[in-house]
Amino acid sequence: MSTHELYTIPAELSTWDVEMAGSSRFTWEYDEGRDRMLALYQKGKDKQWDSVKRIDWGLEVDPYDVLGIPDQSIAIYDTPLWHKMDEKARKEVRRHGAAWQFSQFLHGEQGAMICSARIVESVPDLDSKFYAATQTMDEARHAETYARFLQEKVGIAYPINTHLKALLDDTLSDSRWDMPYLGMQVLIEGLALAAFGVMRDITTKPLPKQILAYVMQDEARHVAFGRMALRDYYKQLSEAELREREDFVIEGCYLMRDRLRGVEQWETQGLSPDEVKQAMTAVDESEYLQLFRSLLFSRIVPCVKDIGLWSERLQKAYADMGVLDMAGQNLDALMRQDEDIAEKLDAERFAAEQAERAEEIAKTISLGDPA
């Protein structure tokens, strides 16, 4: 089935062409490299996995209860609009909410794949090219995984959100080699990593938990890659050059914050314009979503501080967004936690499979026992 048949809103074009500026850079120095970056590259090679084999696609998913979380997480829950709906309409709200979220994950992963390839092409250091090549493969696997999940388990999808598209356009069309790092590794990947983490931790369904945990294991490395490369480079920039990067970060963070409103998911469900307006008011006022939005910046804010973009102007912007307190988050501890959760899931699945095999063997032996 074509993905275009799943879209609730017709996608604008079969392809979206972004004009790219800048140079493709070769280097003839093959022997030198930063130890930390080469260690991350080795880890990127060691941690490759196959979504067909590692994920248990046989697990059932109810498309009307994808994550298995309480309705209190839905923005319009317990509003007059919610009370007007029958159970069939509420089931569609649940389905469209999950479809919209996972669709943006999917489009973001394709964007990450293209940005990673762009980094391979444009970054001057060979060790960074090496790692970005492994990330390109990671992002291809993630896009494959989310596409399959939407096609086989949810059954509907959404086109790319206009705000996410705008940030990708700005990221890819800039000629400076560090901008794909800043736009993708720090902003888009940072936001996605936090969103994956919240959903991984609250879902009660095993298949989305597996997908989110395994993708996060990769994404944590990607954010670390951006931190390493930009921290070193931004120490060399002038105040004016740093200010340009800060402008990009501020604009990008506002775009990402606005993306989370997801007006299109309400416009496709047969609501009147007034009801869509009510839904968006509920989105803006929902305490759950305010907390969710705040948590989504838990990976971005400390990363931006870590790479050296931390002027009073940038701090004021984060204070206005209500996320300045996130600067104290320990990114290394969060990355270790992401790694541990994925490994624990693998260990639990392996132990369960081993127990099933042992039981089957015991039954077979007992059937052959003459006593």
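Everything numeric here is computed off the predicted structure, so don't read it as measured data.

Which parts of the structure should I look at to understand the environment of lysine 47?
Assignment of secondary structure puts lysine 47 in the loop between α1 (35-46) and α2 (51-54). For lysine 47, the side chain forms a polar contact with the side chain of glutamate 339, separated by 3.1 Å.

Please explain the nonpolar core as it appears in this structure.
Nonpolar side chains in soluble globular proteins tend to be buried together. By size, the foremost hydrophobic cluster in this structure holds 94 residues, and its most contacted members are Phe102, Leu182 and Tyr318. Per-element accounting of this core gives the leading share, 16 residues, to helix α8 (residues 206-234). Look past the residues within four positions of phenylalanine 102 in its chain and what remains in contact with it is Val66, Leu67, Tyr146, Phe149, Leu150, Met199, Pro208 and Leu212.

Could you clarify how one ought to interpret the pattern of salt bridges in this entry?
For side chains bearing opposite charge, pairing can occur when the charged atoms are close. In total, this model carries 32 salt bridges according to the counting rule given. For aspartate 138, the salt bridge is made with arginine 141, and the minimal N-O distance between the two is 2.6 Å. Remark: arginine 141 and aspartate 138 occur in helix α5 (residues 126-154); sequence separation between them is three residues, near one turn of the helix. Accessibility classification places aspartate 138 together with arginine 141 in one group, the buried group. The salt bridge partner of aspartate 332 is arginine 227, with a shortest N-O separation of 3.3 Å.

Can you help me understand α1 in this one?
Since one α-helical turn is 3.6 residues long, residues separated by three or four positions face the same way. Counted at 1.5 Å a residue, the expected span for α1 with its twelve residues is 16 Å, and the 16 Å between its end C-alpha atoms agrees. Looking only at α1, the buried set comprises Met37, Leu40, Tyr41 and Gly44. On an axial view of α1, the arc spanned by its buried residues comes to 105°, and they lie on one face. Residues of α1 that are exposed and point more than 90 degrees away from the buried face comprise Asp35 and Asp46. Here the buried face of α1 lies against α5 and α8.

Can you walk me through the environment of isoleucine 114 in this structure?
Tracing the backbone shows isoleucine 114 in helix α4 (residues 87-122). For the pair isoleucine 114 and alanine 362, spaced 248 residues apart in sequence, the C-alpha to C-alpha distance is 51 Å. Aside from chain neighbours lying at most four places away, what touches isoleucine 114 is Met20 and Leu172.

Quick question: what am I supposed to make of the packing of aromatic side chains here?
By convention here, two paired aromatic rings are described through the distance between centres and the angle between planes. The tally for this structure, following the rule as stated, stands at 17 aromatic pairs. When the centroid spacing of 4.5 Å and the interplanar angle of 90° are considered together, the rings of phenylalanine 105 and phenylalanine 196 count as edge-to-face. Residue phenylalanine 105 is located in helix α4, and its partner phenylalanine 196 is located in helix α7 (residues 179-202); the two are separated by 91 residues in the primary sequence. The exposure class of phenylalanine 196 is buried, given its relative accessible area of 0%.

Could you clarify how one ought to interpret the packing of α4 against helix α6 (residues 162-173) in this entry?
The axes of two packed helices give the description: the angle between them and the distance between them. Two elements in contact, α4 and α6, have axes separated by 11 Å at closest approach and are oriented at 0°. Here α4 is positioned roughly parallel relative to α6, judged by the angle of their axes. In this structure, α4 uses Gln104, His107, Gly108, Gly111, Ile114, Cys115 and Arg118 to contact α6, whose residues at the interface are Leu164, Leu168, Thr171 and Leu172. Here the contact of α4 with α6 is built from residues that sort into five nonpolar, five polar and one charged.

Is there a simple way to think about unusual backbone geometry in this case?
Working note: non-glycine residues mostly have negative phi, and peptide bonds are mostly trans. Phi angles above zero are rare outside glycine, and aspartate 78 is one such case at about 65°. In this structure, aspartate 78 sits in the loop between α2 and α3 (80-84).

So what exactly am I meant to see when it comes to the packing of α5 against α7 here?
Contact geometry for α5 and α7: axes closest at 14 Å, N-to-C directions at 40°. When the axis of α5 is compared with that of α7, the two are oblique. Here α5 runs over α7; the crossing is left-handed. Judged by residue contacts, Ser128, Gln135, Glu139 and Tyr146 of α5 engage Tyr181, Gln185, Glu189 and Phe196 from α7. Of the residues contributing to the contact of α5 with α7, the split by class is three nonpolar, three polar and two charged.

Definitions and cut-offs
Residues numbered from 1 in each chain as written. Predicted model: local features only at pLDDT ≥ 70, side-chain atom pairs only at ≥ 80, totals over all residues. Heavy atoms only, no water. Helix = DSSP H or I, 4+ residues; strand = E, 2+ residues; numbered from the N terminus. Polar contact = N/O pair within 3.5 Å; in protein donor to acceptor, adjacent residues only side chain to side chain. Core = buried A, V, L, I, M, F, W, Y, C linked by side-chain atoms within 4.5 Å. Buried < 20%, exposed > 50% of the residue type's maximum accessible area, 1.4 Å probe, protein only. Contact = heavy atoms within 4.5 Å. Salt bridge = Lys/Arg side-chain N within 4 Å of Asp/Glu carboxyl O. Expected span 1.5 Å × (residues − 1). Arc of directions from axis to C-beta. Phe/Tyr/Trp six-rings, centres within 6.5 Å; stacked < 30°, edge-to-face > 60°. Axes fitted to C-alpha atoms, helices over the stretch in contact; angles between N-to-C directions. Parallel < 35°, antiparallel > 145°, perpendicular 65-115°, else oblique. Nonpolar A, V, L, I, M, F, W, Y, C, P; charged D, E, K, R; others polar. Left-handed = near helix turned anticlockwise from the far one by under 90°.

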